[in-house]
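# Residue-level structure breakdown
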Amino acid sequence: MFDSQFDVIVVGGGHAGAEAAAASANLGAKTLLVTMNLQTIGQMSCNPAMGGIAKGQIVREIDAMGGYSGIVSDLTAIQFKMLNKSKGPAMWSPRVQSDRAQFALKWRELLERTPNLDFYQDMVVGLIVEKNQIKGVLTGLGNKIYSRSVILTNGTFLNGLIHVGDKNFGGGRVGEKPSTGITADLESYGFKSGRMKTGTPPRVDGRSLDYSVMEEQPGDKDPGKFSYLQTIHPLKEQISCYMTYTNIEVHDIMANSFDRSPMFNGNINSTGPRYCPSIEDKIHRFSDKERHQIFVEPEGKNTVEVYVNGFSTSMPEDVQYAAIKKIKGFEKVKFFRPGYAIEYDYFPPTQLTLTLETKLIENLFFAGQINGTTGYEEAAAQGLMAGINAVSKVFEREPLILTRSEAYIGVLIDDLITKGTEEPYRMFTSRAEYRTLLRQDNADIRLTGKSFKIGLAKEERYTRVQEKQDQVEGFVKFFNETSFDLDEVNKILESVSYEPVPQKGKIDKIYARPNIKQEDIRKLTSVEKYIESNKLDQEVLDQTEIQIKYKGYIEKEKANADKLQRLEDIKIPDNFDYNPMSSLSHEAKEKLNKIRPSTLSQASRISGIKPSDISVLLVKMGR
């Protein structure tokens, strides 16, 4: 099996590894996925959900490019919600509750149906490197597997250490052993590593909970979906989640046992996620708060297991149990397993290029939590891009680098490579300066063409996007050029408390008003007739509404993005020598030499680089 050389070896079968393997194989590369347990490919290690604020945009981007995360999420969802609907469309974020068991099964099924992809169960303990080029991997069973490129997606397994109170033991996930050997091997080649921490809450028996005293959290009445494929359909039946709260009793039980917490007694020194803290961390940091939200999330259709979102903890099991019983609805709770924290190795991502290739070893790529990120979606996005760029490197094609104005994926990777991270990185809409352009509804328009060009997105996707674009442009033109019926419009305006208009005008002027909704404008005979005669679907209607209502904002952001693109177009040679430039400060030279930015735009985003430094570089580049 290992006599011939692979094009790409993917190490690890989590969300990053699964997307990397799928992308690589679908681009025609002979690919091998090596993982310690083939039964846990695509496993949801923490919460049984995909998407959310900014994360939902990433899943739609992955789908638009031909990745699998959106498809798997839709096919295994038990609830769908569009978050932030009360805000503008730039903030709308899709999220699904998933059936944990079915999610992993569906991932494996899709991967096994992918041509060019082989599987092997073993631990990778080292790398085969010759003259600073990756040549393959060494496994725990002593196999040497050769490859033209390698993608490491080790998740939380690199020297993973699990903590429950004063007990700790090696593990990458509860019940699974850690991965050893790779960290030491990479350090021997000059890589810098660090430690991070994440955690997970207890899993409990849903039969022991009293849902009648909790607040029901149903899904959307008209659920949407992640995938743009028309063969994937929205959910028909949904399962509710529930919400309850901690209280002073819960907080007191926890606080009185802080001396037994590995977070506070010195057993854990690594950095945890700022935006998803443990319950003990929340109680400690926000001591003025009398309660914290707890989301009670079912693990699937055919199980009574429940995920207690908001109660992530590494406290001793007896403390966890005593505290959680004081939560309303949890008085008779039974544990399936306690919560725990896990520490693991990561490699600061400033050691990578924008393709996710390492600077020290050619054709070696990192993706996922090894780069200091947290979350399935962030990992999957990196896996997709690493898979694409590993194949591009092997087959001597142009790399695919998404900019900050093109995708949340571009923001994610640029943030990591340019700024680095000292705490688990999580995506937010606020990280994207062009979020009006990077909406969840237009990810296909933004990205499918790029992916089709490199051969990943299939023709059915590309054709559908072209049709959608043509239909949206045609519908927008109709609104801009068609006059409204005065009587019909004034009836609509009156129904939403607007003053009537005295004379005819174009429909777009009416539709652009904040209180005029899609259902209102469809009361115009000419609009409804256009929709029916052109057989426009809901995606086209929604996209058109956004284009008309937010035209000014969109045009302003496009103009700003174009200004940024001018700096993006000014490339900095790989071997550029900053040291002789006396006009640059010592700090600027240090940062520029460390990050080695590929463009002036990327250089401008490095922490410590001043506008005057960019001006000096502009002059040097002949601009």
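Just above, that's the structure.
Now for a description of the structure that goes with this document.

A tally of regular secondary structure across the protein gives 21 helices and 21 strands. Against the globule reference of 25 Å for 623 residues, the protein gives a C-alpha radius of gyration of 26 Å, in line with a compact fold. When its C-alpha atoms are laid out on the principal axes, the protein stretches across 80 × 70 × 50 Å. A buried classification covers 57% of the 623 residues belonging to the protein. For the protein, the proportion of contacts with a sequence separation of at least 24, taken over those separated by at least 6, is 72%. Here the protein has roughly 26,800 Å² of accessible surface; of this, 48% comes from carbon and sulfur atoms.

Attention shifts here to the packing of helix α12 (residues 459-481) against helix α16 (residues 525-534). α16 packs onto α12 with a crossing angle of 160° between their chain directions and a minimal axis gap of 11 Å. Overall, the two elements α12 and α16 adopt an arrangement that is roughly antiparallel. For the pair α12 and α16, the sense of crossing is right-handed. Here α12 contributes Q471, G474, F475, F478 and F479 to the contact with α16, which in turn contributes S526, V527, Y530, I531 and N534. A class-by-class count of the residues in the contact of α12 with α16 yields six nonpolar, four polar and no charged.

To continue, consider the pattern of salt bridges. Scanning all chains against the criterion turns up 34 salt bridges. A salt bridge links K326 to E249, with the nearest nitrogen and oxygen atoms 3.9 Å apart. Of this pair, K326 sits in the loop between α8 (317-324) and β19 (335-337) while E249 is found in helix α6 (residues 248-255), placing the two residues 77 residues apart along the sequence. Overall, E249 belongs to the partly exposed group, its relative accessible area being 47%.

How each quantity is defined
In every chain, residue numbers begin from 1 and rise along the written sequence. Totals for whole chains, interfaces and linings use every residue, but because this is a predicted model, local features are given only for residues with pLDDT of at least 70 and side-chain atom pairs only at 80 or more, for both listing and counting. Each side-chain value is worked out from all heavy atoms of the structure, with water and hydrogens disregarded. Each helix is a run of DSSP H or I of at least 4 residues and each strand a run of E of at least 2, with the numbering of both proceeding from the N terminus. The reference for a compact globule is 2.2 Å times residues^0.38; the radius of gyration itself is calculated from the C-alpha atoms. Here the term buried applies to any residue with accessible area under 20% of the maximum for its type, exposed to any over 50%, and partly exposed to those in between, with areas from a 1.4 Å probe on protein chains only. Only heavy atoms enter the contact rule, under which two residues are in contact if any of them lie within 4.5 Å. To measure how exposed things are, a 1.4 Å probe is used in the Shrake-Rupley method; for residues, cover is taken only from the protein chains shown. Lines fitted to the C-alpha atoms define the axes, with helices restricted to the stretch that makes contact. Angles between their N-to-C directions range from 0 to 180 degrees. Every angle not falling under 35 degrees, over 145, or within 65 to 115 is termed oblique; those three ranges are roughly parallel, roughly antiparallel and roughly perpendicular. Crossing chirality is assigned from the near helix's rotation relative to the far helix, an anticlockwise turn below a right angle marking it left-handed and a clockwise turn marking it right-handed. In this count, Pro and Cys sit with the nonpolar residues alongside Ala, Val, Leu, Ile, Met, Phe, Trp and Tyr, while Asp, Glu, Lys and Arg are called charged and the others, Gly among them, polar. Salt bridges, as used here, are contacts in which a Lys or Arg side-chain nitrogen is within 4 Å of a carboxyl oxygen on Asp or Glu.

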